[in-house]
Amino acid sequence: MIRRPIQNSSAVSRHLTSPISLFSRFLFSSSSENNTHEPIVSNRNPKSPFGSPTRVQKLIASQSDPLLAKEIFDYASQHPSFRHSQSSHLVLILKLGRSRHFNLIDDVLAKHRSSGYPVTGELFTYLIKVYAEAELPEKAFKTFYKMIEFNFTPQPKHLNRILEVLVSHRGYLQKALELFKSARLHGVMPNTRTYNVLMRAFCLNDDLSIAYKLFGKMLERDVVPDVESYRILIQGFCRKGQVNGAMELLEDMLNKGFVPDRLSYTTLLNSLCRKTQLREAYKLLCRMKLKGCNPDIVHYNTMILGFCRQGRAMDARKVLEDMSSNGFPPDSVSYRTLIGGLCGQGMFEEGKKYLQEMISNGGDTRLVDAGIIALGSYLSSKRQLKRMNVRERRRFWILFMAMRLPFPSTHRRIPTLPSLASFTPRRRNVAMASAKRSPKRLKYSTPRFTKEGEFVSIEVDPSGADSWKLEPVIELLKQGAVGVIPTDTVYAIVCDCKNHSAVERLRRIKKIESSKPLSILCRSLRDIDTYTMGFPRGDGHGHANVFRAVKQCLPGPYTFILTASKELPKQCVGYGTTSVKYASRKNVGVRISDDAVCQAILEAMDAPLICTSVKGPKENEWMIDPTIIGDIYGPEGLDFLVDGGVRVAEPSTIVDMTGPYPKVIREGKGPILPWMVVEEEDESSLRQDLIASGT
């Protein structure tokens, strides 16, 4: 059942068990057992009626209500012979901070100071963590000077964490720079990470000159830069379109013995291709292996896309051949881009040749679909059809319809495609090809999105003041596009939940299995009631009514797992799978984002958006820079990106509402509230894949 929150500490004694009775049950429960048992702690204080400080610390830590924990702490402090341990202070600060009782934290700090314990860095680490989770940059800023007030010299790790909290809010960049300058006056020497935090923040804020000055100060003060330092500046120069400056940094990096990482090369290759400096980009690709960094498939795909954009599909074909010779088999993006480039230049026979090569390299239906879509989209584009006469137009349409025939159930490969000359322009052939498609398949088919332009990137104000810029993005989403938008946690890859082909493209881009369910972004609680069975409303059999509590959390950084209704398309929840793991699963994660840009997009849509977080190469690592997201996922098939500035790398808190009580599956940006139950590790490991990925 839901515990009603108690607003002040005086009300605790009226609504809850008194602290003295809790002490009695906790401290004397072991004494009633066999006296031969060993005591729980060895340092019991005989003068204190409460036992040892360790036992009191365990009692405080076991309380789910922070106000009750605070009253127990105060009650024990009143005894003159009792002295709390440092762990009690740390646990209580963390509990009060996560429940947003910040006025009580100052009281705990004062008692810690008067207790005579030496002040340690761990205490302030907890305090900074509390203010970071609560998004209170001003209090985090004042924590630095509170350390000095406690006669404690801050460590570089404290300075770096405070700076990270400040730069995550655009209005505190100058305060972060002010703190950086005053840190040296108080004996805190900034390290490499300190400079990296500030340089990244100013690069993302388009203050490249300040970031470059910080890099110069870094070298003057004998602080050795690392690979991340150079990568931040390289990305900053590329973001401003100054590719030559980025190349100079790369040369300086190589001369000093650093080995650039793959992300730096990806950013440079993408910028050179966009600046049509394809010769320099290809030279850089060839130099990567000589400089100790082997190119991967993302680098090759970037070059193929660059050549195809400039109408040099034959050069892109050479890059594809280099991929195979260097041990990187081309993927669907490689073939799709090359086939589209060849067809765009009128080399349809070459495009058909590479389509056959796709089929021969394993016969993956996803690869074949990608090649057919690319070839068919260029054959059907208005620009190409206007250049053909009627006979050629019919011939190409017959070729396209022949390739769209469904595969036989026993074989995944289609027969060898005939040459264009063997076709005769008969209308009945087209009718026969379309008639062979299953009526059920036609019933659930949706129009596929045809990408006619280049990758669309729109920069908007995070406050949503210029939401009129989002109109092209909304039109693309309604047509079946897949793109990236900001949320109140991290960036998310989204698409229309009712467009089957868009959902499949999203799964392919993110490499999510078709059997795993996805999350949805909703506009309001009405959407949640429409596409799920809703939140538990309570009944007379002991089930709590959590709907009122949930309403206080939304919009917010929470993902609630609910049972899906029949209104939600089946491809969103993984129906019909034969896997035992997902055989009976019909749950979906729902979110209502507290982000102005995300809400503006959702308000213009007719249905919720499928969403999945934009993760980095490592586990539990999220991409927060929209420029990097575009460089990595743009060649993978994204259609647009909404740049809403940098985001803090904190995902949403996932709560499972399908059981008898709300269980926290993953702790994230949203604080854990008293009515939520934290799962044990052995239980939560069984539910890690309740949703494919949460934002």
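Residues numbered from 1 in each chain as written. Predicted model: local features only at pLDDT ≥ 70, side-chain atom pairs only at ≥ 80, totals over all residues. Heavy atoms only, no water.

An unreviewed UniProt entry annotates the chain as Threonylcarbamoyl-AMP synthase of Brassica napus.

What follows is about the overall build of the chain. Each helix and strand counted, the chain has 32 helices and eleven strands in total. Relative to its full complement of 695 residues, the chain shows a buried share of 50%. Across the chain, the fraction of contacts at a sequence separation of at least 24, relative to all contacts at a separation of at least 6, is 68%. Accessible area for the chain stands at about 33,500 Å²; split by element, carbon and sulfur atoms hold 50% of it. (Helix = DSSP H or I, 4+ residues; strand = E, 2+ residues; numbered from the N terminus. Buried < 20%, exposed > 50% of the residue type's maximum accessible area, 1.4 Å probe, protein only. Contact = heavy atoms within 4.5 Å. Areas by Shrake-Rupley, 256 points an atom, 1.4 Å probe, with all protein chains shown as cover.)

Taken together, Lys181, Arg184, Lys217 and Arg221 make up a surface patch of like positive charges. Within the element layout of this structure, Arg184 appears in the loop between α10 (173-183) and α11 (192-204). The class for Arg184 is partly exposed, based on a relative accessible area of 34%. (Patch = residues over 30% accessible without salt bridge, like charges linked within 9 Å, V, L, I, M, F, W, Y side chains within 5 Å. Salt bridge = Lys/Arg side-chain N within 4 Å of Asp/Glu carboxyl O. Lys, Arg positive; Asp, Glu negative; His and termini not counted. Charge placed at Lys NZ, Arg CZ, Asp CG, Glu CD.)

Residue Pro555 is bonded to the preceding Leu554 through a cis peptide linkage, with omega at -5°. For Pro555, the location among the structural elements is in the loop between α29 (547-551) and β5 (558-563). Although it is not a glycine, Asn151 sits at a positive phi angle of roughly 60°. If you trace the backbone, Asn151 turns up in the loop between α8 (137-149) and α9 (156-167). Backbone geometry places Lys511, a non-glycine residue, at a positive phi of 60°.

Core analysis: the largest hydrophobic core is formed by 101 residues, its most contacted members being Ile105 and Met199. Counting residues in each nonpolar core, the second largest holds 49 residues, with Phe547, Ile592, Leu638 and Val655 among its members. (Core = buried A, V, L, I, M, F, W, Y, C linked by side-chain atoms within 4.5 Å.)

Glancing now at the UniProt feature "repeat: PPR" (unreviewed entry) in the chain. The sites that UniProt annotates as "repeat: PPR" (unreviewed entry) are residues 120-154, 191-225, 226-260, 261-295, 296-330 and 331-365. Regarding residues 120-154, the helix share stands at 74% and the strand share at 0%, and the terminal C-alpha atoms are separated by 10 Å. Within the segment residues 261-295, helix and strand shares are 74% and 0% respectively, and the terminal C-alpha atoms sit 10 Å apart. (UniProt positions renumbered as here; feature names shortened; annotations may be inferred.)

Axis separation between helix α26 (residues 471-479) and helix α30 (residues 596-604) bottoms out at 10 Å; the angle between their running directions is 50°. The orientation of α26 relative to α30 falls into the category oblique. In this structure, α26 meets α30 at a crossing whose hand is right-handed. Only Ala600, Ile601 and Ala604 of α30 make contact with α26, whose side of the interface consists of Val473, Ile474, Leu477 and Lys478. Taken together, the residues of the contact of α26 with α30 break down into six nonpolar, no polar and one charged. (Axes fitted to C-alpha atoms, helices over the stretch in contact; angles between N-to-C directions. Parallel < 35°, antiparallel > 145°, perpendicular 65-115°, else oblique. Left-handed = near helix turned anticlockwise from the far one by under 90°. Nonpolar A, V, L, I, M, F, W, Y, C, P; charged D, E, K, R; others polar.)

Tracing the sequence through the fold places Cys495 in strand β3 (residues 492-496). Cys495 gets classed as buried once you look at its relative accessible area, which sits at 0%. Filtering out sequence-adjacent residues up to four positions away, Cys495 remains in contact with Leu477, Ala481, Val482, Ala502, Val503, Leu506, Pro608, Leu609 and Ile610.

The strand order β1-β8-β2-β3-β7-β4-β6-β5-β9-β10-β11 describes an open sheet built from eleven strands, whose pairing is mixed. Two strands bound the open sheet, and with one partner strand each, they are β1 (456-459) and β11 (677-678). With five bridges connecting them, β3 and strand β7 (residues 609-613) associate as antiparallel partners. Bridge pairing in β7 places Ala492 opposite Ser613. Relative to the sheet, helix α31 (residues 626-633) contacts β2 (483-485), β3 and β8 (640-643), its axis offset from that of β8 by approximately 170°. (Pairing = 2+ DSSP bridges.)

Here we take up the packing of aromatic side chains. Taken as a whole and judged by the stated rule, the model has 15 aromatic pairs. Between the aromatic rings of Tyr230 and Phe258, the centroid separation amounts to 5.5 Å while the plane-to-plane angle is 50°, which identifies the pairing as tilted. Highlighted residues: Tyr230 in helix α13 (residues 227-239) and Phe258 in the loop between α14 (243-255) and α15 (262-274), separated in sequence by 28 residues. Relative accessible area serves as the criterion here: at 0%, Tyr230 is assigned to the buried category. Among the aromatic side chains, those forming a connected cluster through ring pairs are Tyr212, Phe215, Tyr230, Phe237 and Phe258. Lying across the ring of Phe141, Lys175 places its NZ or CZ 4.9 Å from the centre. Across from the ring centre of Tyr354, 5.7 Å away, lies the NZ or CZ of Lys353, which sits over that ring. (Phe/Tyr/Trp six-rings, centres within 6.5 Å; stacked < 30°, edge-to-face > 60°. Lys NZ or Arg CZ within 6 Å of the ring centre and 35° of its normal.)

At a minimum axis distance of 8 Å, the contact between α9 and α10 shows a crossing angle of 160°. In this view, α9 runs roughly antiparallel relative to α10, as classed from their interaxial angle. Classified by chirality, the crossing of α10 by α9 is left-handed. Of α10, the residues touching α9 (which contributes Leu159, Ile162, Leu163, Leu166 and Val167) are Leu173, Lys175, Ala176, Leu179 and Ala183. Residue composition of the contact of α9 with α10, grouped by class: nine nonpolar, no polar and one charged.

On to the pattern of salt bridges. In the structure shown here, the tally under the stated rule is 21 salt bridges. For Asp488, the salt bridge is made with Arg591, and the minimal N-O distance between the two is 2.5 Å. Placement of Asp488 in the loop between β2 and β3 and of Arg591 in strand β6 (residues 587-591) is noted, with a sequence separation of 103 residues between them. Arg591 gets classed as buried once you look at its relative accessible area, which sits at 1%. Among the salt bridges present, the one from Arg523 reaches Asp527, with a minimum N-O distance of 2.9 Å. Three or more residues joined by partner-sharing salt bridges are found here, namely Asp206, Arg239, Asp625 and Asp643.

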